[in-house]
Protein chains: 2
Amino acid sequence: MSDRTVRGRLEVTCRNCSLMRLCIPSGLTQQEIEHLSRLVIGKKTLQRGDYLYRKGGKFRGIFAIKAGTAKLVTYDLHGNGYVTGLLLPGELLGFDAFAADRHECSAIALETVRYCELPADRLDELCREVPKLLRELFRHASAKLYGETSQVVLTKRTADERVATFLLDISRRLQVRGFSALEFRLSLTRQDIGNYLGLALETVSRILGKFADEGLIGVHSKHVRIFKQEALQAICTGSAELPSA
Amino acid sequence: MSDRTVRGRLEVTCRNCSLMRLCIPSGLTQQEIEHLSRLVIGKKTLQRGDYLYRKGGKFRGIFAIKAGTAKLVTYDLHGNGYVTGLLLPGELLGFDAFAADRHECSAIALETVRYCELPADRLDELCREVPKLLRELFRHASAKLYGETSQVVLTKRTADERVATFLLDISRRLQVRGFSALEFRLSLTRQDIGNYLGLALETVSRILGKFADEGLIGVHSKHVRIFKQEALQAICTGSAELPSA
DNA sequence: CGGAAACTTGAAACCTTTCAAGAGTCGTGG
DNA sequence: CCACGACTCTTGAAAGGTTTCAAGTTTCCG
């Protein structure tokens, strides 16, 4: 069953994709996944700084990140950029173009990125053949909607809470994908993190430093270790500071 | 063709709904709209403070507001509420429950509200019969996603910009629905506006007062008139203050 | 008409930003 | 392999916008 070699090379399909259970196919049957596989464009590679798509660009399809990370950036009338999202391996992007058929934001690789593509021009075709697909996509979009709402709420909280929540959010999402939850690399710069959280980059640096001083985390440039998850959790929920151990 | 009377009374359907072009059916054919009409539950009425649905409640369907306004509120672990949205007549809500089949926020009537319901249990049925429907719903959800993103960006701007943007956003949305764009009633309290924009209620009051002093708007309790739209627009985009006329 | 809720306004307190300078990191090339 | 330059990050001190606290006024509704 694992002989899916086409034109002599190993073909990566949704079926043997390590992210299968986390990506679009979750919720589909084996047969439906097989169907999907044939239409998905396999892994492409981009380098740091490359665009997956640009704001205003035509909708090409839904992307799934296989490896690496990317950021979502919107721009206002003055050309100021706002980081609105961070995409980790196994996550989907491109939904912002569904309404207007044009992207509302740009997606930029933060390091070498490999990704799959579910081409827009085959979406209709595929939705006919796999009725459940659109519903699945909808589910993903809806989940993203909730994510954005959470983001809105987060921006109303204090700087400490925002940074703590940011760290734990990444931690949790990495864990779901099978990566280490307690040690990871921040692919965003302090500037980008600040922009994302609505804080000055100096504030991010300061708070990260403070958390490190308090022994909650370890920070070395972009490398982060989480030592006291519960303490961070307590900060997130705005609880009183835990007594210094 | 206008004899759609059932059981002796005039039946309100999507077909003769004044909001037709703004609601779900936009993008569907006459025949498809007819189909949709049969499954939609007609106008229901709620009073100020009543819930359209509650956070955690099971997904009952997509709602369309016919008259009145409502607010969306999420709650954190401590029970603090966060206003995440304001719904005007002709707008849809309920998408937040699509992912988990449970609502991520509560929807509360701000005054007497009449609304239609596209029941969840008939959604599947209808999506089969009207293939384009799910896609249309998706389009709506995607648009809401962009709205949330805009909200995130907005929360990173100054208090003046937030309030000005808030006023113009309502103005624009009312205009689309055929209401007066320059004179309307703020159904949210200062508290709710502040919560929505991430500001203290006093700050909202002060800025509204300032705008009024500067002759940009007229404010009388919840009643608002916009006098200088361009000036507000200039504030939104963070441009320099216009010279006092 | 009376009471509760909503709104306004002032002044002090506070958190975050801004400005500024220096240290660290990374990639390239001598 | 180390030096150089660009970029990123850290840290301090002052400035500034919002919030908080407080008191008074207005609006709404029974």
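Residues numbered from 1 in each chain as written. Chains lettered and ligands numbered in written order. Predicted model: local features only at pLDDT ≥ 70, side-chain atom pairs only at ≥ 80, totals over all residues. Heavy atoms only, no water.

Draft legend 1. Fine view of the overall build of chain A. On a plain count of helices and strands, chain A comes out with seven helices and 13 strands. For a compact globule of 245 residues, the expected C-alpha radius of gyration is about 18 Å, and chain A comes in at 19 Å, within 12% of that figure. Taking as baseline every contact in chain A between residues at least 6 positions apart, the subset at least 24 positions apart corresponds to 70%. Approximately 11,500 Å² of chain A is accessible, and the part contributed by carbon and sulfur atoms is 51%. The positive charge centre, built from 36 side chains, and the negative charge centre, built from 28, are 3 Å apart in chain A. (Helix = DSSP H or I, 4+ residues; strand = E, 2+ residues; numbered from the N terminus. Rg over C-alpha atoms; globule rule 2.2 N^0.38 Å. Contact = heavy atoms within 4.5 Å. Areas by Shrake-Rupley, 256 points an atom, 1.4 Å probe, with all protein chains shown as cover. Lys, Arg positive; Asp, Glu negative; His and termini not counted. Charge placed at Lys NZ, Arg CZ, Asp CG, Glu CD.)

Draft legend 2. Just the protein's contact with DNA strand D, in detail. Close to DNA strand D lie 16 residues; A:Arg190, A:Ser205, B:Ala159, B:Thr203 and B:Arg206 are nearest. Close to the protein, within 4 Å, the atoms of DNA strand D are drawn from sugar and phosphate at a rate of 57%. B:Gly198 is positioned such that a nitrogen or oxygen atom in its backbone is 3.4 Å from a phosphate oxygen of DNA strand D. Secondary-structure elements contributing two or more residues to the surface near DNA strand D are helix H6 (201-213) of chain A together with helix H6 (201-213) of chain B. It is H6(A) that provides the largest number of residues to the surface near DNA strand D, a total of four residues. Looking at the surface near DNA strand D, its residues break down into four nonpolar, six polar and six charged. (Near = heavy atom within 4 Å. Polar contact = N/O pair within 3.5 Å; in protein donor to acceptor, adjacent residues only side chain to side chain. Nonpolar A, V, L, I, M, F, W, Y, C, P; charged D, E, K, R; others polar.)

Draft legend 3. Region of interest: the protein's contact with DNA strand C. Taken together, the neighbourhood of DNA strand C is formed by 16 residues, with A:Ala159, A:Thr203, A:Arg206, B:Arg190 and B:Ser205 sitting nearest. The contact atoms of DNA strand C, taken as those within 4 Å of the protein, divide so that sugar and phosphate hold 53%. In the environment of DNA strand C, a phosphate oxygen lies 2.7 Å from a nitrogen or oxygen atom belonging to the side chain of B:Arg190. Measuring from a phosphate oxygen of DNA strand C, one finds a side-chain N or O atom of B:Ser205 at 2.7 Å. Going through the elements one at a time, H6 of chain A together with H6 of chain B are the ones with two or more residues in the surface near DNA strand C. In terms of residue count, H6(B) provides more of the surface near DNA strand C than any other element does, four residues in total.

Draft legend 4. Structural context of the interface of chain A and chain B. In this complex, chain A contributes 38 residues to the contact, which on the side of chain B involves 38 residues. Buried area between chain A and chain B, both sides added, is near 3,700 Å², and the carbon and sulfur share of it is 67%. Three residues, A:Arg135, A:Phe138 and A:Lys156, lead the burial of chain A against chain B; their summed loss comes to 20% of the area buried on that side. At the surface where chain A touches chain B, the tally comes to two salt bridges. The salt bridge involving B:Arg157 is made with A:Asp76; its shortest N-O contact spans 3.6 Å. Elements that contribute at least two residues to the side of chain A that touches chain B include exactly strand E7 (81-87), helix H3 (131-154) and helix H5 (190-197) of chain A. Top element by residues in the side of chain A that touches chain B is H3(A). It accounts for 16 residues. When its residues are assigned to classes, the side of chain A that touches chain B shows 16 nonpolar, 12 polar and 10 charged. (Buried area = accessible area lost by both parts, 1.4 Å probe. Salt bridge = Lys/Arg side-chain N within 4 Å of Asp/Glu carboxyl O.)

Draft legend 5. Quick peek at the relation of the copies chain A and chain B. Least-squares fitting of chain A to chain B yields an RMSD of 0.0 Å, with the transformation described by 0.0 Å of translation along the axis and a rotation of 180°. Taken together, these values place the two copies in the relation of a two-fold axis. Mapped onto chain B, 100% of the interface residues of chain A again fall at the interface, so both copies present the same surface. (Least-squares fit on C-alpha atoms with pLDDT ≥ 70 in both.)

Draft legend 6. Spatial organisation of the packing of aromatic side chains. Applying the stated criterion across every chain, the model contains 13 aromatic pairs over all chains. Ring centres 5.3 Å apart and planes at 5° place the aromatic pair A:Phe138 and B:Phe138 in the stacked group. Highlighted residues: A:Phe138 in helix H3 and B:Phe138 in helix H3 (residues 131-154), drawn from two different chains. Looking at B:Phe138, the relative accessible area reads 0%, which means it is buried. (Phe/Tyr/Trp six-rings, centres within 6.5 Å; stacked < 30°, edge-to-face > 60°. Buried < 20%, exposed > 50% of the residue type's maximum accessible area, 1.4 Å probe, protein only.)

Draft legend 7. Main features of the pattern of salt bridges. Per the stated rule, a full pass over the model turns up 30 salt bridges over all chains. Note that A:Lys210 is salt-bridged to A:Asp160, the shortest N-O span being 2.4 Å. With A:Lys210 in helix H6 and A:Asp160 in helix H4 (residues 159-176), this pair connects stretches of sequence that are 50 residues apart. As a salt-bridge pair, B:Asp192 and B:Lys71 come within 2.9 Å of each other at their nearest N and O atoms. Linking B:Asp192 in helix H5 (residues 190-197) with B:Lys71 in strand E6 (residues 70-75), this pair joins segments that are 121 residues apart in sequence. This pair shows no difference in class: B:Asp192 is buried, exactly as B:Lys71 is.

Draft legend 8. Summary view of the domain arrangement of chain A. Residue and element names in this part refer to chain A. Along its sequence, chain A is carved into domain 1 (3-146) and domain 2 (155-236). Taken together, the 16 residues of domain 1 in the interface contact 13 residues of domain 2. In terms of surface lost to domain 2, no three residues of domain 1 exceed Val83, Leu86 and Leu88, which account for 40% of the buried area on that side. Linking domain 1 with domain 2 are four salt bridges. A salt bridge links Glu111 to Arg185, with the nearest nitrogen and oxygen atoms 3.0 Å apart. Applying the counting criterion to the domain 1 and domain 2 interface returns eight residue pairs in polar contact (both at pLDDT 80 or more). Element by element, the count of residues in the side of domain 1 that touches domain 2 is highest for E7, at seven residues. Residues of the side of domain 1 that touches domain 2, tallied by class, amount to eight nonpolar, five polar and three charged. (Domains from an automatic or database assignment.)

Draft legend 9. Structural view of the sheet that holds strand E9 (residues 106-109) of chain B. Residue and element names in this part refer to chain B. The antiparallel open sheet is built from four strands, whose spatial order is E4-E9-E6-E7. The sheet is open, and its two edges are formed by strand E4 (51-53) and strand E7 (81-87), each paired on a single side. Neighbouring strand axes in the sheet, compared pairwise and without regard to direction, differ in orientation by 30° on average. Pairing between E6 and E9: four bridges, direction antiparallel. (Pairing = 2+ DSSP bridges. Axes fitted to C-alpha atoms, helices over the stretch in contact; angles between N-to-C directions.)

Draft legend 10. The sheet that holds strand E11 (residues 183-185) of chain A, seen in detail. All names here are of chain A. Here three strands make up an open sheet; going across it, the order is E11-E13-E12 and the pairing antiparallel. Each edge of the sheet is formed by a strand with only one pairing partner; in this case those strands are E11 and strand E12 (217-220). Put simply, the sheet's adjacent strands are angled 15° from each other on average, direction ignored. Where E12 meets strand E13 (residues 223-226), four bridges bridge the pair, whose relative direction is antiparallel. Within E13, the position partnered with Val219 by the bridge is Val224.

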